[in-house]
Every structure is written in structure tokens, then in C-alpha cells.
Amino acid sequence: MKKTTVLALTAAMLLTSLSAAEKKVEVQKGIKMPYMEFPMKQGKGMYSTKGKCNMCHSWGYVLNQGPQSKAFWRKKVIKMIDVFQAPIRNEDIDEVVEYLYANYGKRVKG
Amino acid sequence: MQRRDFFKKAALIAGSAAVGSTAADADTTTHPVDNRKVANIAFPQKRPLITYSDRPPLLETPREVFATPITPNDLFFVRWHMPMIPTYINPHYFSIKIDGEVKKPVKISFDSLKRDFEPVEITSVLQCGGNSRSAFHPTPGGIQWGPGAMGCAKWKGVRLKDVLAKAGLKKNAGWIKFHGLEKPVYTKTDGFVRALELSKLHDKIIIAYEMNGEALPYLNGFPVRLILPGFYSDSWVKMLSNITVTGTKPKLHFMDHAYRVPDNDCECETPDNLAPKTKPIEEMNVNSLIGYPTGGTKVKQGADLIVRGVAFDGGHGITKVEISTDGGSSWQEATLDDGSQGPYAYRSFRYTLKPAQTGALTLMARATNTKGETQPFAQDVKWNRGGYKYNGIDEVTVEVVS
């Protein structure tokens, strides 16, 4: 008999602590993401490239790939179009690739 | 002049080092870049971290945090794939939908996860497959991480197995797909979806709702994420909202083209001779990192210097960590912690020495696991096109002063 009371009490306590824990979670009101400027190198095609790439992601995502070959940048741009539907028309691919290679390029094979 | 000033200022605002060219290119490997500073802006629920991108957020933990075996939530690294991440989720209205090749599709609410399932805890390392990618040359595509795209936390949650049992798997079930709330800008695209072969499901894989005794930070996947102890973090899906069971292996961009290494014994290739077949990165190899001292620290000649750091592998367990002060010619065993956090956690080590001479002193750390696997010297790590699974012997150079 006593045992049942203790059990019931424990259960009640558990319930209380659970709802307290849940309340604590609810206090988390949501977050506000900061904007950070990752400056682009000045160069031919910068504004056009900016508009196309920044539509989906920060410029940091581009420049922190490290200096890369022209073939690499071309492959990346095409992947962005094919896989992620980046709004880059076929006739604009060269301009973006040239800007990337001229400013974030590395003269290696591959 | 003006322009340079502008960039200097802008770089300060961003507070993150733009990745520049480092060593020579000849499918070689060096030490990863290790001198980047934290940004002067903190992301929500975080202290300032090394910041590669704000959208999606890509944040690296600085070296000194790895002097202790648990990584605090607000210093824990962050890596998202999609730019659209919910910034408010009411956990009481959050649920995980389970469908596909199941007997009964179900929705399991966050509250039910906490109430109706047996809670389990596991301390486990979470490491990006591309951690230390900046060590590889020629530079592979992907974020040029230093050594801090990792962390270790105590996760609390429920077994994935138990959750799947609520829906009941059909006989032909073969793969489990995971999808979180992050979204691509163009909705017709795949999004970040990962899949696990059913044969690789085990009891230690959990859906976590707590990290180091607190709710998960948003940037680490609030309110729930998948925990796959021993595996690289590519499948640790954050803000886990959908589980779909399929019969056959689903075609997915992030499974078929990313997070793969050459399917050969050395998991290696050269830029001119890429391996024809690849396999998923999956289990982590043996690795260690010195948390203290950091490069350039000034220490006193003849005074006790306590080297501290962490070692880990894919769950087999670390047996020893050795320290070298002579460029790897001779090695002395460091003291390990008691290992009570289990085989998936960081094993912390410490080693005390008295620097005898003034000038530069280089400290190296090398871990070995129960399988006898150990770390290669940085320059002996083999190249792969994705820059994955770097585990070169770590090195820190301090300045000994009289």
C-alpha cells in the first residue's frame, strides 16, 4: 500500500520535472543569424558573379575553397547549375569561371 | 592604398582568414593550416569561432579547446550544407515523420520521444570528414578546414532502432533515408539527404535531444539530430524531421558524389590518376590533436610544461598516445584518462616535460588504437580528391625562453 503511494508520488514528481524541463526548452526563442561580409576581389565579372553565387550562399563558401584551377572552377559552376539549379545561363558560365580563375585561381593541372 | 585598407578592414570585420595558397603542389600533404583567428562576431548560442561562411554557417573550433575531452556546446564546430535553416522551432510542435517501406507510417512528436522511449546516453566524437582538409595539396575542393572541424559531447536521446520499431519495418526494407529541416534555395533540388544501409544499424545510433546536458544549440541541430558514433559526421543529420525507409539504395547527390574516398587499400589516388571506384568515408581513422600548448606559446626553460590533448578513433579504443620532442625519432608515452567515457569519446592525454634548451621546441603527438593502427607523419598521408580522412601526426612549435 505504502509502496503504491511512494510510486505515485515519484511518478507525480517525474511528471512535474519533465514539464519543467519542457518549459526550459520552450524558453529557447529562436535565433537571429548574423550577416558577415566576405569581400570579393575587384575584377571583371565581379558584380555578375556576385549576383549569381550570393543568391544561395555566402561568398565565404567560394573563397574558402582555396585557390583552384580553371577546370575546377568550371566544374563547380556546372555542378551548381546541374545539382542546385543556380540561375546561371549557359552563355554566362565563361564570365563567372574567368572571374573565379582570375581572382581565385591557381595555375596547376587538373 | 585605399583599396588595400578597405580589404584589411573588411577582413577584420569578417574576422576570418581568407584561404591563401600554402605549400607546393605535388599530391603531397603537409600540416593543416593552423593560424586562423576566430571571428569578432559570435553566432547565436556560440562564442566567436573561426568562420568560413555565414550562409550556410561554417564554423571551426580553435585548437586550445581540445585541451579538454568534452567540447562545450558554445565552442562546438558547425557545418551546414543548405543555406535555409529554420531560426525558430517550437519543439512541442516538432515531430519526426517515418514512412516508406514500413508497416505503419507514423509521426513521432518531440514530446513523445522524451516520454515514450527509453533514454540512452553516449559520449561520442563528431568529426567532419573534411577536417584538416587544408593539409592536402593540390588543394581539394571543399572548405579548407584546419584541425578543429570536430568536437566531442555527451549526447542523450533514444535509439533509432526503437523509433523505427514504432513504424515497423517491412521485409524488403534495405536502406534508411534521413532528412532534416535545412532547405536549398531552389526547392526542386534534392536537399541534404543521407542514407544508411539497414545492415549498419546498431544500438548505439541514437536520435539525440540533449547535448552535454542541455538542449542542442540551433546550429548543432536543435531540437534533434542523428548520432552515429564512430562514423564521420556526414550522416549525423541535424533538425532531423523525416525518416524514409526504402527497399533499394536511393540515388542521392550527397551519397553518390560527396563524402567518398578511393575504394582501394590505401584509400588514395593522385590528381593524374584518380581511382575508378570510390566508397563512403564512414568509420573514422585513428587521430589525435594537441590542445595545449598552441603554436607560438612562450614557455619557460626548465619549468614544467604540461602537454594536453585528445585522441580518438572509430570506436575500437585508444591504447596509447606518444609524444616526441625530437621530430619523431623517439617517442614517450603520455598519460591517458581512465577511458570511462567509452570508446567513442575523446581520450584525453597529458605529458609533462621540462624544456632544456631555449629556442623553438616542436612537440608531436601520435595515437595508436586497439587494432594497432597508428597515425602517419603529416607528409606521409596519402592524397585523395575530396581531402577526406586526414590523420597526420600533429605538431605544435613553442618558443622556450630563459
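Residues numbered from 1 in each chain as written. Chains lettered and ligands numbered in written order. Predicted model: local features only at pLDDT ≥ 70, side-chain atom pairs only at ≥ 80, totals over all residues. Heavy atoms only, no water.

1. Some remarks on the overall build of chain A
- From N to C terminus, chain A includes 5 helices and 0 strands.
- Residues counted as buried form 42% of the 110 residues belonging to chain A.
- Excluding contacts between residues fewer than 6 apart, the proportion of contacts in chain A whose partners are at least 24 apart in sequence is 65%.
- When the accessible surface of chain A is summed, it comes to about 6800 Å², and 63% of that surface belongs to carbon and sulfur atoms. (Helix = DSSP H or I, 4+ residues; strand = E, 2+ residues; numbered from the N terminus. Buried < 20%, exposed > 50% of the residue type's maximum accessible area, 1.4 Å probe, protein only. Contact = heavy atoms within 4.5 Å. Areas by Shrake-Rupley, 256 points an atom, 1.4 Å probe, with all protein chains shown as cover.)

2. Remarks on the interface of chain A and chain B
- Listed by partner, the interface residues are 41 residues for chain A and 59 residues for chain B.
- Taking both partners together, chain A and chain B bury about 4200 Å²; carbon and sulfur atoms supply 63% of that area.
- In this structure, the connection of chain A to chain B is made through 0 salt bridges.
- Across the chain A-chain B interface, the total number found is 13 residue pairs in polar contact (both at pLDDT 80 or more).
- Tallied by class, the residues present in the side of chain A that touches chain B amount to 20 nonpolar, 12 polar and 9 charged. (Buried area = accessible area lost by both parts, 1.4 Å probe. Salt bridge = Lys/Arg side-chain N within 4 Å of Asp/Glu carboxyl O. Polar contact = N/O pair within 3.5 Å; in protein donor to acceptor, adjacent residues only side chain to side chain. Nonpolar A, V, L, I, M, F, W, Y, C, P; charged D, E, K, R; others polar.)

3. Regarding the state of the cysteines
All names here are of chain A.
- Counted by the stated rule, this structure contains 1 disulfide over all chains.
- In this structure cysteine 56 is a free cysteine whose sulfur lies 9.1 Å from that of cysteine 53, the closest cysteine sulfur available.
- In this structure cysteine 56 comes out as buried when scored by relative accessible area, which is 13%. (Disulfide = S-S within 2.5 Å.)

4. Focus: the confidence of the model for chain B
- Averaged over chain B, the pLDDT score is 93; the fraction of residues at 70 or greater is 94%.
- Scored below 50 in pLDDT, residues 1-18 of chain B shows 25 contacts in the model against residues more than four places distant or in partner chains. (pLDDT = per-residue confidence, 0-100.)

5. Side note on the sheet that holds strand S4 (residues 78-79) of chain B
All names here are of chain B.
- The strand order across the open sheet formed by 3 strands is S2-S3-S4, and the pairing between neighbours is antiparallel. The open sheet has two edge strands with one neighbour each: strand S2 (50-54) and S4.
- Summarising the sheet, strand S3 (residues 57-60) and S4 pair through 2 bridges and their orientation is antiparallel. From the neighbouring strand, leucine 59 faces S4, where its bridge partner is valine 78. (Pairing = 2+ DSSP bridges.)

6. Brief notes about unusual backbone geometry
Residues and elements named next belong to chain B.
- Going from histidine 137 to proline 138, the amide bond is cis rather than trans, its omega being 0°.
- Secondary-structure assignment places proline 138 in the loop between strand S8 (136-137) and strand S9 (150-159).
- The residue after tyrosine 292, namely proline 293, is reached through a cis peptide bond having omega 0°.
- Turning to its location among the elements, proline 293 is positioned in the loop between strand S18 (287-292) and strand S19 (298-300).
- Not every positive phi belongs to a glycine, and lysine 389 is a case in point at roughly 60°.
- Topologically, lysine 389 is positioned in the loop between strand S25 (359-369) and strand S26 (394-401).
- For lysine 389, a relative accessible area of 11% translates into the label buried.

7. Section: the pairing of S9(B)
Residue and element names in this part refer to chain B.
- The element S9 is largely enclosed, with a buried count of 8 among its 10 residues.
- Strand direction decides the pairing type here: strand S7 (residues 119-127) and S9, joined by 9 bridges, are antiparallel. The partner of leucine 126 across the bridge, within S9, is glycine 151.
- Strand direction decides the pairing type here: S9 and strand S12 (residues 206-211), joined by 5 bridges, are antiparallel. Note on S12: the bridge partner recorded for glycine 157 is alanine 208.

8. Looking at helix H4 (residues 70-84) of chain A
- Along its 15 residues, H4(A) runs 20 Å from first to last C-alpha, staying within 8% of the 21 Å computed at 1.5 Å per residue.
- Among the residues of H4(A), A:Phe72, A:Trp73, A:Lys76, A:Val77, A:Ile81 and A:Phe84 are the ones counted as buried.
- Check the buried side of H4(A) and you find it contacts helix H3 (59-63) and helix H5 (93-104) of chain A together with helix H4 (253-256) of chain B. (Expected span 1.5 Å × (residues − 1).)

9. What about the pattern of salt bridges?
- This model, assessed by the stated rule, comprises 23 salt bridges over all chains.
- The shortest N-O distance in the salt bridge between A:Arg89 and A:Asp92 comes to 3.1 Å.
- Looking at A:Arg89, the relative accessible area reads 51%, which means it is exposed.
- We note a salt bridge from B:Arg194 to B:Asp234, for which the minimum N-O separation is 2.9 Å. Residue B:Arg194 is located in strand S11 (residues 193-197), and its partner B:Asp234 is located in the loop between strand S14 (225-227) and strand S15 (240-246); the two are separated by 40 residues in the primary sequence.
- A relative accessible area of 4% places B:Arg194 in the buried class.
- Judged by its relative accessible area of 5%, B:Asp234 falls in the buried class.
- Through salt bridges with shared partners, a single network forms among A:Arg89, A:Glu91 and A:Asp92.

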